[in-house]
Amino acid sequence: MPAPTSKRIRNTQLRRHFIIGNESYVLPHPLFPDPPDGHTKGWKVYVRPLPNGPDMTTWLKKVQLKLHHTYANASRTIEAPGPFEVSETGYGEFGVEIRLYFAPESGEKAVYREHYLVLAPYGTDEQKARQERENLVVSERLETIEFNEPTHDFFKTMVSEDQFEWLKVLEGRGKGRKKELVFHGETEPTAQLPERPIAAVHGDSGTGMAAGGAWSRLYERQVLGQLQQSGASLDQALEHERREMESRRRKMEELGMAVAAK
Ligand code: SLL
């Protein structure tokens, strides 16, 4: 029999949003001193949390980024706490193969993502002009990871308030500087969220939400679709994430009660 903590919670799904992307600069550039001959661009490829989002390292423990074979040591591995990023110089675009490795208590295998490096200005004429003027091209997308039927142990860490501690540290350090990273929910990250009815723990198949909850999986997908279409407004994504946190926390409470009652 598996240890009770590695037992999976049925009809439950956890979800996290995060960012995969790259930035690129035309050389010469102070961030990339002494590039090899023929290298025209400096770039950084990364896997990042949403600004103000919960700590990514709750679930993400290691990232492997595999570069084009023309690079020495093409396979780069970064362990938590990261940052999960690779800086390089080069001349051409290619697909970076990305493997995400999860917290051991999740019991989940690594998953694969790809990010095609974008080194040249793109978009409308106006956008291109701006990218050239600032000598910065950024190509990012909002990614989602889903954990189906998580283990009890993993679930516990994923609904913990501790995941916002890393933002509080930034707040102390960053006064007057990095305002955009400051977490404003002084007390509970979920305090201002509206009440939502929760009817039953196992009420709904697969969503992790209870039957009757206003926040359905379908609605979530629509919101996410909108985010992606609208160029992924990260503030909105964060708000979305916080709502999810709240839902999970409530569910956790209920689950605790349900388990205790057995
Ligand atoms: C192209 N298919 O032809 C792509 C290949 C090669 C990327 C891109 C240099 C590596 C190095 C580099 O940028 N490789 O010299 O270390 O455009």
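Below you will find a few notes about this structure. (Residues numbered from 1 in each chain as written. Predicted model: local features only at pLDDT ≥ 70, side-chain atom pairs only at ≥ 80, totals over all residues. Heavy atoms only, no water.)

1. Concerning the environment of R16
Structurally, the position occupied by R16 is in strand 1 (residues 13-26). Once the C-alpha coordinates of R16 and E146 are considered, the two residues, 130 residues apart in sequence, prove to be 6.6 Å apart. Excluding residues within four positions of it along the chain, R16 makes contact with P54, W59, E143, T144, I145, M158, Q163, E241, M245 and R248. (Helix = DSSP H or I, 4+ residues; strand = E, 2+ residues; numbered from the N terminus. Contact = heavy atoms within 4.5 Å.)

2. Quick look at the side chain of Q163
You can see Q163 is positioned in the loop between helix 2 (152-158) and helix 3 (165-173). For Q163, a relative accessible area of 3% puts it in the buried group. For Q163, the side chain forms a polar contact with the main-chain oxygen of T157, separated by 3.3 Å. In contact with Q163, not counting residues within four places along its chain, are R16, G53, P54, D55, T58, T157, M158 and M245. (Buried < 20%, exposed > 50% of the residue type's maximum accessible area, 1.4 Å probe, protein only. Polar contact = N/O pair within 3.5 Å; in protein donor to acceptor, adjacent residues only side chain to side chain.)

3. Here's the deal with the sheet that holds strand 1
With antiparallel pairing, the 4 strands of this open sheet are ordered in space as 5-2-1-8. Only two strands of the sheet have a single partner each, and these edge strands are strand 5 (84-90) and strand 8 (137-148). For this sheet, the mean angle separating the axes of adjacent strands, direction not counted, is 15°. As paired elements, strand 1 and strand 8 share 12 bridges and run antiparallel to each other. Counterpart to L14 in the pairing with strand 8 is F147. (Pairing = 2+ DSSP bridges. Axes fitted to C-alpha atoms, helices over the stretch in contact; angles between N-to-C directions.)

None of this, on its own, says anything about what the molecule does.
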